Amino acid sequence: MAKWGEGDPRWIVEERADATNVNNWHWTERDATNWSSEKLKELLMGLQVESEEGKCEITEVSKLEGEASINNRKGKLIFFYEWNLKADWRGTSKSGIKYKGNIEVPNLSDENDMDDLDISVSLCKDEPETELLSLMRSEGVKKIRTALASYVDFLKTEFTQGMILPTANGVTKQQTAQALTKSNKTQIGSCSAAPPPPNTGVKIPTCKFSLKETFLTSPEDLYRVFLNQEMVQAFTRSSALVEAEKGGKFRLLDGNVNGEFQELVPEQKIVMKWRFNSWPCEHYAMVTLTFTDKGNETELKIECRAVPESEEERTRDGWQRYYCHAIKQTFGYGARLY
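Residues numbered from 1 in each chain as written. Predicted model: local features only at pLDDT ≥ 70, side-chain atom pairs only at ≥ 80, totals over all residues. Heavy atoms only, no water.

*Asks:* Can you tell me about the overall build of the protein, naming the residues and giving the values?
*Replies:* Each helix and strand in the protein was counted, giving five helices and 14 strands. Within the protein, the proportion of its 338 residues that are buried is 45%. Once local pairs closer than 6 in sequence are excluded, the contacts in the protein between residues at least 24 apart make up 57%. (Helix = DSSP H or I, 4+ residues; strand = E, 2+ residues; numbered from the N terminus. Buried < 20%, exposed > 50% of the residue type's maximum accessible area, 1.4 Å probe, protein only. Contact = heavy atoms within 4.5 Å.)

*Asks:* Let's hear about unusual backbone geometry: which residues, and what values?
*Replies:* Located in the positive-phi region is Asp-126, a residue other than glycine, with phi close to 75°. By the element assignment, Asp-126 lies in the loop between β6 (120–123) and α2 (131–157). Positive phi, close to 65°, is recorded for Ala-306, a residue that is not glycine. On the secondary structure map, Ala-306 appears in strand β13 (residues 298–308). For Ala-306, a relative accessible area of 28% gives the class partly exposed.

*Asks:* How would you summarise helix α4 (residues 229–236) if you had to cite specific residues and measurements?
*Replies:* Taken residue by residue, α4 has Met-231, Val-232, Phe-235 and Thr-236 as its buried positions. Each buried residue of α4 lies within a common arc of 125° when the element is viewed along its axis, so the set occupies one face. Close packing links the buried residues of α4 with α3 (219–227), β8 (241–242), β9 (249–252) and α5 (312–331). Structurally, the start of α4 carries an N-cap: the backbone nitrogen of Glu-230 is 3.0 Å from a side-chain oxygen of Asn-228. Arg-237 sits one or two residues past α4 and shows a positive phi near 55°. (Arc of directions from axis to C-beta. Polar contact = N/O pair within 3.5 Å; in protein donor to acceptor, adjacent residues only side chain to side chain.)

*Asks:* So what's going on with the confidence of the model for the protein? Residues and values would help.
*Replies:* Predicted coordinates in regions of low pLDDT should not be interpreted in detail. Here the protein averages 80 in pLDDT, while 76% of its residues score no lower than 70. With pLDDT under 50 throughout, residues 1–27 is counted as low confidence; its partners more than four residues away or in other chains account for 48 contacts. Low pLDDT, under 50, characterises residues 163–201; the predicted model gives this stretch 90 contacts beyond four residues in sequence or across chains. (pLDDT = per-residue confidence, 0-100.)

*Asks:* Provide a residue-level description of the side chain of Glu-213, including the pertinent values.
*Replies:* Here Glu-213 is to be found in strand β7 (residues 206–215). Judged by relative accessible area, which is 2%, Glu-213 ranks as buried. Reaching out from Glu-213, the side chain makes a polar contact with the side chain of Lys-328 at a distance of 3.5 Å.

Take a look at the structure:
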């Protein structure tokens, strides 16, 4: 028999004040099916697109079959989701003619990349041809893909709250699963008036990475995209607040990202303090955007420093998906990733 204090550390209950799932070693599972069903309906219902031809809106999620769950093993979260969904859309032309159609997504799954998702849009039987169908197959599909990507992000953040349990000293082994709930939508750059999160003041390992992307536009126009509040709201498809000046605050993606501009060199460079709202309170990454004129295009270099190691993949994906790719899709700058 092992002496006191020499046992397998996985089983030492003193590691947690409540002696529950010590060091997050045991396998735990949470069923996310019901939550996912409601979240998918919330994100899709009422989604609208509009053009000179008229307006279209998703009016009903008529079929939602599948399941979702999250597993925690050794402090790591494993996500599983698989959905087959159908929805109805209605369109009204500028002349007042109404149309009905269907949407089908058969392969929303953790095994498929979001860019490879099959999204089929059609008119109901006997409906006459209309340009609104083209609108739904282009802009409508983009918005549907963005909504489904948001579902996956919410599943990995909002729903996972509490699955990684803190140890006695209040430190969690993983920061990626902290929730991005409405309570986090506080004053820009400040922490909530509630008690600080358990990991406040804990030194965390950080990393740095860089990305390069080319946009078919001028440095002047691309620079403005990051600082014009209306343009930010356009490419993030959510509310935003942007104070475009040195020391100015910003808040994007419904409060899930915030920070402060440190340096602004028109058409050349933007330096900012940047953070996900789920990161340890007052921990910011330093992000530098450098704009280089390449003739008929602009090279954007993104340098991120002091990113929590456990958040590197999520942060890299966030900059690619919610900034670069979204800007390409919204403003048609035809970027080339390399």
